[in-house]
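One-letter residues, chain by chain:
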Amino acid sequence: MDRVARAIEFVFLFTLAGGLLVLQAAIASTQDERNFDAAVLRTLGASRRQLQGAQIAEFLLLGALAGLVAAAGATALGWALADRVFNIPFAGNPFIWPYGIGGGALAVTIAGWLGTRSTVRQPPLAVLRQLG
């Protein structure tokens, strides 16, 4: 049973790393749009702090939603394995929900912030000239 648990943990970590790489690729593919949006908002009076707050809120919500889906999937898979495969009573872990939501929010927020932090540092006029 310990070997199965360790194998599942390894697959989970591998999947998490893959998901963060996909997030970085998605951020990189929309970098021009993010730069343009930030430049327009800065031109209209938004501060760097407001833009950073909006970016962090975006990734925090996205990560929390991903963590919620992951916790629901893990609970459903755990129940299915316990009930249908191993024929043992399912004992769910209530900590999976706050860990899943909090961990997802934290991981995605950090990865997203690392990928988009340069958008608020660039002068709006230079971005608009370059992209416009």
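Scroll up to find the structure.
A brief report on the enclosed structure follows. Worth saying up front: this structure is predicted, and the values here are computed from it rather than measured. (Residues numbered from 1 in each chain as written. Predicted model: local features only at pLDDT ≥ 70, side-chain atom pairs only at ≥ 80, totals over all residues. Heavy atoms only, no water.)

Comments concerning the nonpolar core
The test is simple: Remark: nonpolar core denotes a set of buried residues (Ala, Val, Leu, Ile, Met, Phe, Trp, Tyr, Cys) joined through side-chain atoms within 4.5 Å. Summary of the burial criterion: residues with accessible area below 20% of their type's maximum are buried, those above 50% are exposed, and those between are partly exposed, where the area comes from a 1.4 Å probe applied to protein chains only. Each helix corresponds to a stretch of at least 4 residues labelled H or I by DSSP, and each strand to a stretch of at least 2 residues labelled E; elements are numbered beginning at the N terminus. Throughout, a contact is declared for two residues whenever any of their heavy atoms are within 4.5 Å.
In this structure, Leu 23, Ile 27, Phe 59, Val 108 and Ala 111 together form the largest nonpolar core, which totals five residues. Elements supplying a minimum of two residues to this core: helix H1 (2-29) and helix H4 (96-116). If sequence neighbours within four positions are ignored, Val 108 has contacts with Leu 23, Phe 59, Leu 62 and Gly 63.

Comments concerning the pattern of salt bridges
Inclusion rule: Any carboxyl oxygen of Asp or Glu that lies within 4 Å of a side-chain nitrogen of Lys or Arg is treated as forming a salt bridge with it.
In total, this model carries two salt bridges according to the counting rule given. Notably, a salt bridge pairs Arg 34 with Glu 58, separated by 3.0 Å at the nearest N-O pair. Of the two residues, Arg 34 sits in helix H2 (residues 31-43) while Glu 58 sits in helix H3 (residues 48-85), which places them 24 residues apart along the sequence. The class of Glu 58 is partly exposed, set by a relative accessible area of 37%. For Asp 83, the salt bridge is made with Arg 84, and the minimal N-O distance between the two is 3.5 Å. Judged by relative accessible area, which is 60%, Arg 84 ranks as exposed.

Quick look at the side chain of Thr 116
Worth spelling out the cut-off: Under this definition, polar contacts are N or O atom pairs within 3.5 Å; protein pairs additionally need one hydrogen-donor-capable and one acceptor-capable atom, and for neighbouring residues in sequence, both atoms have to be side-chain atoms.
Its place among the elements puts Thr 116 in helix H4. Here Thr 116 falls in the buried class, since its relative accessible area comes to 0%. At 3.4 Å, the side chain of Thr 116 forms a polar contact with the side chain of Gln 55. Residues within four places of Thr 116 in sequence aside, it is in contact with Ile 27, Arg 34, Gln 55 and Phe 59.

Side note on the packing of aromatic side chains
Operational definition: Ring pairs shown here join Phe, Tyr and Trp side chains whose ring centres sit within 6.5 Å, with only the six-membered ring taken for Trp; geometry is labelled stacked below 30 degrees between planes, edge-to-face above 60, and tilted in between.
The final tally for this structure, using the stated rule, is one aromatic pair. Each ring, one from Phe 95 and one from Tyr 99, has its centre 6.0 Å from the other, and the planes form 25°; the classification is stacked. We classify Tyr 99 as exposed; its relative accessible area is 62%.

Concerning the environment of Gly 115
Relative to the assigned elements, Gly 115 resides in helix H4. In this structure, the C-alpha to C-alpha distance between Gly 115 and Ala 26, residues 89 residues apart in sequence, is 9.6 Å. Apart from the residues within four sequence positions on either side, Gly 115 is in contact with Gln 24, Ile 27 and Gln 31.

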